[in-house]
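Coordinate inspection notes
Next come the chains, spelled out residue by residue.
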Amino acid sequence: AQTVTQSQPEMSVQEAETVTLSCTYDTSESDYYLFWYKQPPSRQMILVIRQEAYKQQNATENRFSVNFQKAAKSFSLKISDSQLGDAAMYFCAYRSGLHNQGGKLIFGQGTELSVKP
Amino acid sequence: KAGVTQTPRYLIKTRGQQVTLSCSPISGHRSVSWYQQTPGQGLQFLFEYFSETQRNKGNFPGRFSGRQFSNSRSEMNVSTLELGDSALYLCASTYAGGAANEKLFFGSGTQLSVL
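Residues numbered from 1 in each chain as written. Chains lettered and ligands numbered in written order. Predicted model: local features only at pLDDT ≥ 70, side-chain atom pairs only at ≥ 80, totals over all residues. Heavy atoms only, no water.

**Structural notes on the state of the cysteines**
To be explicit about the condition: For the purposes of this analysis, a disulfide is any pair of cysteine sulfur atoms at a distance within 2.5 Å. Counting from the N terminus, the helices are the DSSP runs of H or I reaching at least four residues and the strands are the DSSP runs of E reaching at least two. Relative accessibility under 20% of the residue-type maximum defines a buried residue, over 50% an exposed one, and the middle range a partly exposed one, all with a 1.4 Å probe and only protein chains included.
For the structure shown, the criterion picks out two disulfides over all chains. Through a disulfide, cysteine 23 of chain A is tied to cysteine 92 of chain A; the S-S separation comes to 2.0 Å. Between cysteine 23 of chain A and cysteine 92 of chain A, the S-S dihedral sits near -70 degrees, and the bridge is therefore left-handed. With a gap of 69 residues between them, cysteine 23 of chain A in the loop between strand 3 (19-21) and strand 4 (24-26) and cysteine 92 of chain A in strand 10 (residues 88-96) connect regions that are remote in the sequence. You'll find cysteine 23 of chain A and cysteine 92 of chain A in the same group, each marked buried. Residue cysteine 23 of chain B pairs covalently with cysteine 91 of chain B via a disulfide, S to S 1.7 Å.

Structure follows, in structure tokens:
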């Protein structure tokens with residue numbers, strides 16, 4: 001069975017600074033996707049960034065980027081130029097590449113990010 | 001385009017009762033998944049429905065069930081409620097859910113409190 005682990009329950013960053021959230025996962029599959037989701041107080045999960053396992057290049061979305069280390073099964077999220085609106089719970093998630101598994105995500109425990117002005 | 005809509009937003013029930021939660025996916029989406037979120041267990045996958053059929057199932061007792069209608073709207077039911085069922089229940093939809101690169105869209109959830 002696949003597992004996702006986030007070892008940092010809480011993180012704090014100064015506004016305009018950079019922060020990195022850690023995530024490790026375990027799987028025996030070769031085809032899979034990894035995601036970072038943001039959950040603000042509104043509770044709605046928002047996709048921040050995703051990474052296809054077969055792609056060596058790290059994904060980037062504006063101020064958000066990942067460091068994907070497939071051999072180490074590590075998938076960290078870097079937030080540059082942190083903004084007050086980045087404060088939220090962040091979840092790392094895994095999705096199998098097997099057909100018809102698209103609706104099933106395996107989540108880590110989450111990291112609560114606070115941003116100090 | 002309207003997003004994923006979950007009703008009600010909040011619900012209070014007592015132990016032993018049953019509850020039904022509703023989820024309307026984004027128009028055109030045919031796959032609906034349900035997740036339970038608690039402080040202790042985090043986010044856990046309950047089940048997924050596609051074309052009115054349960055396609056995937058998580059590791060939850062039979063008290064948790066669901067269904068999907070021909071218009072893709074889905075309901076989940078929890079019977080004989082226990083205190084531990086208190087949680088935020090999230091629904092997510094995607095077009096077909098067959099491919100891992102399909103984007104999942106989440107609703108804002110239903111907060112269930114069992115007293």
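**Focus on the pattern of salt bridges**
Going by this rule: Each reported salt bridge corresponds to a side-chain nitrogen of Lys or Arg within 4 Å of a carboxyl oxygen of Asp or Glu.
Applying the stated criterion to the full structure yields eight salt bridges over all chains. Here aspartate 26 of chain A and lysine 73 of chain A are joined by a salt bridge, their closest N and O atoms 3.5 Å apart. Of this pair, aspartate 26 of chain A sits in strand 4 while lysine 73 of chain A is found in the loop between strand 8 (64-69) and strand 9 (74-79), placing the two residues 47 residues apart along the sequence. The shortest N-O distance in the salt bridge between lysine 55 of chain A and glutamate 52 of chain A comes to 3.8 Å. For lysine 55 of chain A, a relative accessible area of 38% corresponds to the partly exposed category. Under the relative-accessibility criterion, glutamate 52 of chain A is labelled buried at 11%. Each of the salt bridges in this network shares a partner with another, and the network as a whole consists of Arg63, Glu82 and Asp85 of chain B.

**Some words on the packing of aromatic side chains**
For any two aromatic rings, the description comes down to two numbers: the centre-to-centre distance and the angle of the planes. So the rule is basically this: Ring pairs shown here join Phe, Tyr and Trp side chains whose ring centres sit within 6.5 Å, with only the six-membered ring taken for Trp; geometry is labelled stacked below 30 degrees between planes, edge-to-face above 60, and tilted in between. Lysine NZ or arginine CZ positioned within 6 Å of the ring centre and within 35 degrees of the ring normal marks a charge as sitting over the ring.
As enumerated under the stated definition, the model contains 16 aromatic pairs over all chains in all. Taking 6.0 Å as the distance between ring centres and 35 degrees as the angle between the ring planes, the aromatic pair formed by phenylalanine 35 of chain A and tyrosine 37 of chain A counts as tilted. The pair formed by phenylalanine 35 of chain A and tyrosine 37 of chain A is uniform in burial state, with each residue classed as buried. Arranged with centres 5.5 Å apart and planes meeting at 80 degrees, the rings of tyrosine 37 of chain A and phenylalanine 106 of chain B form a pair that is edge-to-face. Note that tyrosine 37 of chain A is positioned in strand 5 (residues 32-39) and phenylalanine 106 of chain B in strand 10 (residues 105-106), a pairing that runs across two chains. Using a relative accessible area of 2% as the deciding quantity, one classes phenylalanine 106 of chain B as buried. Directly above the ring of tyrosine 10 of chain B sits arginine 43 of chain A, whose terminal nitrogen or CZ lies 5.1 Å from the centroid. The ring of phenylalanine 50 of chain B carries the charged tip of arginine 55 of chain B above its face, separated from the ring centre by 4.4 Å.

**Description of the interface of chain A and chain B**
When the parts of a complex come together, some accessible area is lost, and that lost area is often used as the size of the interface. Filter applied, for reference: Contact between two residues is taken to exist if any of their heavy atoms lie within 4.5 Å; hydrogens are not considered. Note: buried area is the sum, over both parts, of the accessible area (probe 1.4 Å) each one loses when the two are combined. In the analysis that follows, any N or O atom pair within 3.5 Å is treated as a polar contact, provided that within protein one partner can donate a hydrogen and the other can accept it, and provided that, for residues neighboring in sequence, both atoms belong to side chains. Ten residue types, Ala, Val, Leu, Ile, Met, Phe, Trp, Tyr, Cys and Pro, are classed as nonpolar, four, Asp, Glu, Lys and Arg, as charged, and the remainder, Gly among them, as polar.
Listed by partner, the interface residues are 24 residues for chain A and 28 residues for chain B. Carbon and sulfur atoms supply 47% of the area buried between chain A and chain B, which totals about 2100 Å² over both sides. Its largest share of buried area at the contact with chain B, chain A owes to Arg43, Asn100 and Gly103 of chain A, together 30% of the area lost on that side. Between the two partners, chain A and chain B, sit zero salt bridges. Summed over the shared surface of chain A and chain B, the number is seven residue pairs in polar contact (both at pLDDT 80 or more). Mapped by element, the contributors of at least two residues to the side of chain A that touches chain B are strand 5, strand 6 (46-52) and strand 10 of chain A. At four residues, strand 5 of chain A tops the list of elements feeding residues into the side of chain A that touches chain B. In the side of chain A that touches chain B, the residues fall into nine nonpolar, eleven polar and four charged.

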